[in-house]
There are 2 protein chains.
Amino acid sequence: MSRQRLSRSESQALTRMRLLDAAAEVFAEHGVAGASVERIADRAGYTRGAFYGHFADKDAVVAALLEERTRREREEVAQLAASEGDTWEALRSWHRERSAHLEDWLALRLELVRHALRRPPGERSVLAQREAYAREALTGAVARELGTGTAEAAFTALIVHALEDGLAIQRAIDPGSVPADAVVTATEIVLRGARTADEP
Amino acid sequence: MSRQRLSRSESQALTRMRLLDAAAEVFAEHGVAGASVERIADRAGYTRGAFYGHFADKDAVVAALLEERTRREREEVAQLAASEGDTWEALRSWHRERSAHLEDWLALRLELVRHALRRPPGERSVLAQREAYAREALTGAVARELGTGTAEAAFTALIVHALEDGLAIQRAIDPGSVPADAVVTATEIVLRGARTADEP
DNA sequence: GTCTATAAAGAGATAGAC
DNA sequence: GTCTATCTCTTTATAGAC
């Protein structure tokens, strides 16, 4: 690598990645439907010709973006799960980091959710799998925290997972009314409630 | 009213309402940016001429829609709060009813959230006020349920409020993994956790 | 008030030059 | 691989008829 001339496939991949990142930004700003191919290419520093050299159309870039983000997230989660220390604490700091770019993240996330929901149920699988995977990881952490099996922990994990979106929305709408670490505090409350439910 | 000929202002208001309802549907299906004025007018049974007779442009109908839905929700919440019976149970059944048209509701809701987030923070007030009002109503109900003051109940109410969006998203993505009454069950868990937190 | 007609701009997608 | 040129279709918004 370093200062060497990029090989053909490397520069190809670079352009593709630049276009993907640009698309993510423009989607977040204007929405998928409101983002023109020209704007995306322009943001990446190219013209439309380059765009169509890498993607068949706008839908293709949405699909590619969803898969790329899903893959990236899988890697991050896998890393968290493999870490030796406190998995729960690791997940917490992950959320804290995310809250720094919360608005951009939420905007893109809502766009991808909306886009997935617009197609028939059978074709929502990429997003559904991403969600399932994230929830599985959370379920493991919750089960460990509560000292129960995964079956009992599943619903609690769902709540925690759902809170991430829900609180992000509330914080984006009115940052003053939602603390930056609301997810962490809320998760503690939910875990306490789940613990109490186990011992009636 | 009844079978009498509509007055001028009545028929005017009727057309406006039809256009608003049509806009809500089309926004939910195609997104605000993906919805053309012609589609909206067509859905309402008119042509674009009628549309431009009532709204300056597409942004105007989004603003009107947000205000109209906010007003409608305020009335519903006010009715709930005024009802003699168990306010909490009334809120629950409200959620249950909503889950029937969950996808449509969520689609429109996410569109309006996205649209609000696309403008500068100062201009998000209509949605922010709507959220604040809903949360206030919830805070009252939570305080009564926990037997605490509103200050202590505020954060718990925020969690419950956020869960509504978060669980709706999860259920829309994969209905099989989220029970229809998940909000109710989750709320019970959260309340239990909040109660335990009060008595350390 | 709502329709039809139309002007003007924007966007998707392809073809050919380099 | 990426650019410029171009074709076509869609959309916005206005103007004038009824």
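Residues numbered from 1 in each chain as written. Chains lettered and ligands numbered in written order. Predicted model: local features only at pLDDT ≥ 70, side-chain atom pairs only at ≥ 80, totals over all residues. Heavy atoms only, no water.

**Remarks on the protein's contact with DNA strand C**
Next up, step 1: What surrounds DNA strand C is a group of 16 residues, the closest being Val37 of chain A together with Arg8, Thr15, Thr47 and His54 of chain B.
Next up, step 2: A share of 62% of the atoms of DNA strand C within 4 Å of the protein falls on sugar and phosphate groups.
Next up, step 3: Within the side chain of Arg48 of chain A, an N or O atom sits 3.0 Å from a base nitrogen of DNA strand C.
Next up, step 4: Residue Thr15 of chain B places a side-chain N or O atom 2.7 Å away from a phosphate oxygen belonging to DNA strand C.
Next up, step 5: Breaking the surface near DNA strand C down by element, the ones donating at least two residues are helix 3 (48-54) of chain A together with helix 1 (8-34) and helix 3 (48-54) of chain B.
Next up, step 6: Among the elements that take part in the surface near DNA strand C, helix 3 of chain B stands out by supplying four residues, more than any other. (Near = heavy atom within 4 Å. Polar contact = N/O pair within 3.5 Å; in protein donor to acceptor, adjacent residues only side chain to side chain. Helix = DSSP H or I, 4+ residues; strand = E, 2+ residues; numbered from the N terminus.)

**Some thoughts on the interface of chain B and chain A**
One widely used convention gives an interface's size as the accessible area the parts lose upon coming together.
Next up, step 1: Chain B puts 48 residues into the contact, and the matching count from chain A is 48 residues.
Next up, step 2: Both faces considered, chain B and chain A share a buried interface measuring about 3900 Å² in area, 68% of it formed by carbon and sulfur atoms.
Next up, step 3: Among the residues of chain B in contact with chain A, Arg114, Gln170 and Ile173 of chain B are the three that bury the most area, contributing 17% of the side total.
Next up, step 4: Between the two partners, chain B and chain A, sit six salt bridges. (Contact = heavy atoms within 4.5 Å. Buried area = accessible area lost by both parts, 1.4 Å probe. Salt bridge = Lys/Arg side-chain N within 4 Å of Asp/Glu carboxyl O.)

**Comments concerning the domain arrangement of chain A**
Residue and element names in this part refer to chain A.
Next up, step 1: Here chain A is described as being made up of domain 1 (7-55) and domain 2 (58-198).
Next up, step 2: Domain 1 and domain 2 are separated by 27 Å when their C-alpha centres are compared.
Next up, step 3: In this assembly, 14 residues from domain 1 lie in contact with 14 residues from domain 2.
Next up, step 4: When domain 1 packs against domain 2, close to 1200 Å² is buried across both sides, 76% of that on carbon and sulfur atoms.
Next up, step 5: In this structure, the connection of domain 1 to domain 2 is made through one salt bridge.
Next up, step 6: Between domain 1 and domain 2 we count three residue pairs in polar contact (both at pLDDT 80 or more) in total. (Domains from an automatic or database assignment.)

**Observations regarding the packing of helix 1 of chain B against helix 4 (residues 58-82) of chain B**
All names here are of chain B.
Next up, step 1: One way to put it is that helix 1 packs onto helix 4 with a least axis distance of 10 Å and a crossing angle of 105°. Between helix 1 and helix 4, the crossing angle belongs to the class labelled roughly perpendicular. Residue-level contacts link Arg16, Leu20, Asp21, Ala23, Ala24, Phe27, Val32 and Ala33 of helix 1 to Lys58, Val61, Val62, Ala64, Leu65, Glu68, Arg69 and Arg72 of helix 4. (Axes fitted to C-alpha atoms, helices over the stretch in contact; angles between N-to-C directions. Parallel < 35°, antiparallel > 145°, perpendicular 65-115°, else oblique.)

**Focus on helix 1 (residues 8-30) of chain A**
Next up, step 1: With 23 residues, helix 1 of chain A extends 33 Å between its outermost C-alpha atoms, agreeing within 8% with the 33 Å of an ideal straight helix rising 1.5 Å per residue.
Next up, step 2: Here helix 1 of chain A has its buried residues at Thr15, Leu19, Leu20, Ala22, Ala23, Ala24, Val26, Phe27 and Ala28 of chain A.
Next up, step 3: The inward-facing, buried residues of helix 1 of chain A abut helix 2 (37-44), helix 3, helix 4 (58-82) and helix 6 (102-117) of chain A together with helix 6 (102-117) of chain B.
Next up, step 4: Count one or two residues on from helix 1 of chain A and you reach Gly31 of chain A, which has phi positive near 85°. (Expected span 1.5 Å × (residues − 1). Buried < 20%, exposed > 50% of the residue type's maximum accessible area, 1.4 Å probe, protein only.)

**Considering the pattern of salt bridges**
Next up, step 1: Tallied over the full model, the rule gives 36 salt bridges over all chains.
Next up, step 2: Among the salt bridges present, the one from Arg43 of chain B reaches Glu29 of chain B, with a minimum N-O distance of 2.9 Å. On the criterion of sequence distance, the pair formed by Arg43 of chain B in helix 2 (residues 37-44) and Glu29 of chain B in helix 1 is long-range, its members being 14 residues apart.
Next up, step 3: Given a relative accessible area of 38%, Arg43 of chain B falls into the partly exposed group.
Next up, step 4: With a relative accessible area of 34%, Glu29 of chain B lands in the partly exposed category.
Next up, step 5: For Arg109 of chain B, the salt bridge identified is with Glu131 of chain B, shortest N-O distance 2.8 Å. Remark: Glu131 of chain B occurs in helix 7 (residues 125-146) and Arg109 of chain B occurs in helix 6; sequence separation between them is 22 residues. Pair check on accessibility: Arg109 of chain B and Glu131 of chain B agree, each one buried.
Next up, step 6: Through salt bridges with shared partners, a single network forms among Glu73, Arg98, Arg109, Arg130, Glu131, Glu164 and Asp165 of chain A.

**Structural notes on the protein's contact with DNA strand D**
Next up, step 1: Taken together, 16 residues form the shell around DNA strand D, and within it Gln12, Thr15, Thr47 and His54 of chain A together with Arg48 of chain B come nearest.
Next up, step 2: Between Gln12 of chain A and DNA strand D, the recorded distance is 3.0 Å, taken from a side-chain N or O atom to a phosphate oxygen.
Next up, step 3: Between a phosphate oxygen of DNA strand D and a side-chain N or O atom of Thr47 of chain A, the distance comes to 2.6 Å.
Next up, step 4: Elements represented by at least two residues in the surface near DNA strand D include exactly helix 1 and helix 3 of chain A together with helix 3 of chain B.
Next up, step 5: Per element, the largest residue contribution to the surface near DNA strand D is four residues, and it comes from helix 3 of chain A.
Next up, step 6: In the surface near DNA strand D, the residues fall into five nonpolar, six polar and five charged. (Nonpolar A, V, L, I, M, F, W, Y, C, P; charged D, E, K, R; others polar.)

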